[in-house]
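# Per-entry structural report
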Amino acid sequence: MKALFVEDAYLSTAEALVTSVREDGGIMLDRTCFYATSGGQPGDTGFLERDNGETIAIAGTVTGASKSEIIHVPAPDQPSPEVGEKLVLHIDWERRHRLMRMHTACHLLSVVCPFPITGASVSETDSRIDFDMSETIDKAEVTAKMMDLIRANHPIYTKWITEEDLDANPDLVKSKNVRPPRGQGEIRLVCIGEDAAVDSQPCGGTHVTETAEVGEIHIGKIEKKGKENRRFRIRFGPAPD
Ligand SMILES: [Zn+2]
């Protein structure tokens with residue numbers, strides 16, 4: 001199974017062959033542009049188009065026994081494809097693009113707030129990141145710093161490094177609890193800025209290619225979750241007065 005979104009996050013449609021249909025109805029393909037839920041980013045929704053024009057609505061995409069196994073979960077009462085059948089895949093691009101903007105905003109927040117991350121969740125309207133920190137930070141100041149990075153329109157690109165490279169640069173990993181997967185060879189770094197001047201960190205999610213594409217965002221709330229944990233919420237649009 002080839003995960004096409006790894007090299008091209010902007011691929012909203014692709015052709016693929018059905019390799020198997022699970023007992024629970026989950027559809028497996030030889031290649032896919034559907035991102036599977038991982039690293040705090042929800043999986044794609046959309047539909048699969050058959051040769052006869054019939055469509056199979058996909059309610060979600062998840063990983064199976066291993067991260068490289070991607071399962072397309074049909075909505076209830078959808079037709080089931082045949083093994084070997086050719087399908088045209090269509091992701092819900094509007095939703096995915098919002099998730100890409102939000103996910104990228106999470107990276108920018110981790111630049112503005114350089115504290116260890118203990119949890120993160122990306123959604124279409126509201127994302128949250130939990131930081132291991134006891135400092136009190138003004139949300140308007142965080143919003144202003146994030147918007148500076150967005151307006152500067154830094155490029156965002158990926159780069160593959162070896163596990164040895166990562167071991168030699170342990171500071172690249174910002175998550176306290178989640179380590180990048182080991183034993184699969186290369187690790188994908190997501191870099192922001194020329195020569196990664198703004199940031200670089202291991203990530204398998206989907207991102208926009210320049211920071212201005214994130215658009216206007218603001219920190220909606222900073223909640224205190226225990227003595228050494230702060231939960232930040234990122235929202236689209238300007239901060240309300
Ligand atoms: Zn990411």
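Each remark here, short or long, concerns the structure printed above.
Here's what I pulled together on the structure shown here. (Residues numbered from 1 in each chain as written. Predicted model: local features only at pLDDT ≥ 70, side-chain atom pairs only at ≥ 80, totals over all residues. Heavy atoms only, no water.)

### Details of the overall build of the protein chain
Looking only at helices and strands, the protein chain has 3 helices and 15 strands in total. C-alpha extents for the protein chain along the principal axes are approximately 55 × 45 × 35 Å. A separation threshold of at least 6 residues defines the contact pool for the protein chain, and within that pool the share at least 24 residues apart is 64%. For the protein chain, the computed accessible surface area is about 11,900 Å², with 49% contributed by carbon and sulfur atoms. For the protein chain, the separation between the mean place of its 28 positive charges and that of its 39 negative charges on side chains is 7 Å. (Helix = DSSP H or I, 4+ residues; strand = E, 2+ residues; numbered from the N terminus. Contact = heavy atoms within 4.5 Å. Areas by Shrake-Rupley, 256 points an atom, 1.4 Å probe, with all protein chains shown as cover. Lys, Arg positive; Asp, Glu negative; His and termini not counted. Charge placed at Lys NZ, Arg CZ, Asp CG, Glu CD.)

### Notes on the nonpolar core
Core analysis: the largest hydrophobic core is formed by 31 residues, its most contacted members being Leu 109, Phe 131, Val 142, Met 146, Ile 217, Phe 232 and Ile 234. Only α1 (93-112), β10 (126-131), α2 (139-151), β12 (187-192), β14 (217-224) and β15 (230-236) provide two or more residues apiece to this core. By residue number, the principal contributor to this core is α1, which donates 8 residues. The contacts of Leu 109, once residues within four sequence positions are left out, are Ile 129, Phe 131, Val 142, Met 146, Ile 219, Phe 232 and Ile 234. Residues Leu 29, Phe 34, Leu 48 and Ile 91 belong to the second largest nonpolar core, which totals 14 residues. (Core = buried A, V, L, I, M, F, W, Y, C linked by side-chain atoms within 4.5 Å. Buried < 20%, exposed > 50% of the residue type's maximum accessible area, 1.4 Å probe, protein only.)

### Some details on the state of the cysteines
For the coordinates displayed, the defined rule picks out 0 disulfides. Free of any disulfide, Cys 33 has its nearest neighbouring cysteine sulfur in Cys 203, separated by 18 Å. For Cys 33, a relative accessible area of 0% translates into the label buried. Sulfur of Cys 113: no disulfide; nearest cysteine sulfur belongs to Cys 106 and is 12 Å away. On the accessibility criterion, Cys 113 (0% relative accessible area) is buried. (Disulfide = S-S within 2.5 Å.)

### Observations concerning the sheet that holds strand β9 (residues 117-121)
Spatial strand order, β9-β10-β15-β14: 4 strands in an open sheet with antiparallel pairing. Because the sheet does not close on itself, it has two edges, and the strands there are β9 and β14. With strand direction ignored, the average angle separating the axes of adjacent strands in the sheet is 20°. Its contacts with the sheet put α1 on β9, β10, β14 and β15, and the angle it makes with β15 is roughly 140°. Most of the contacts of α2 go to β14, to which it runs at about 145°, and overall it touches β14 and β15. (Pairing = 2+ DSSP bridges. Axes fitted to C-alpha atoms, helices over the stretch in contact; angles between N-to-C directions.)

### Things to note about the coordination of the zinc ion
At the metal site, the zinc ion is ligated by His 103 (NE2), His 107 (NE2), Cys 203 (SG) and His 207 (NE2), and these contacts range over 2.0 to 2.1 Å. Angles of 96 to 128° at the metal separate the 4 donor atoms of the zinc ion, which places the site in the tetrahedral class. Mapping the donors of the zinc ion onto the primary sequence yields the spacing H-x3-H-x95-C-x3-H. For the residue pair Cys 203 and His 207, the accessibility class agrees, reading buried in each case. (Donors = N, O, S within 2.8 Å, 3.2 Å for Na, K, Ca; no water. Tetrahedral: all angles 85-135°; square planar, octahedral: opposite > 155°, others 65-115°.)

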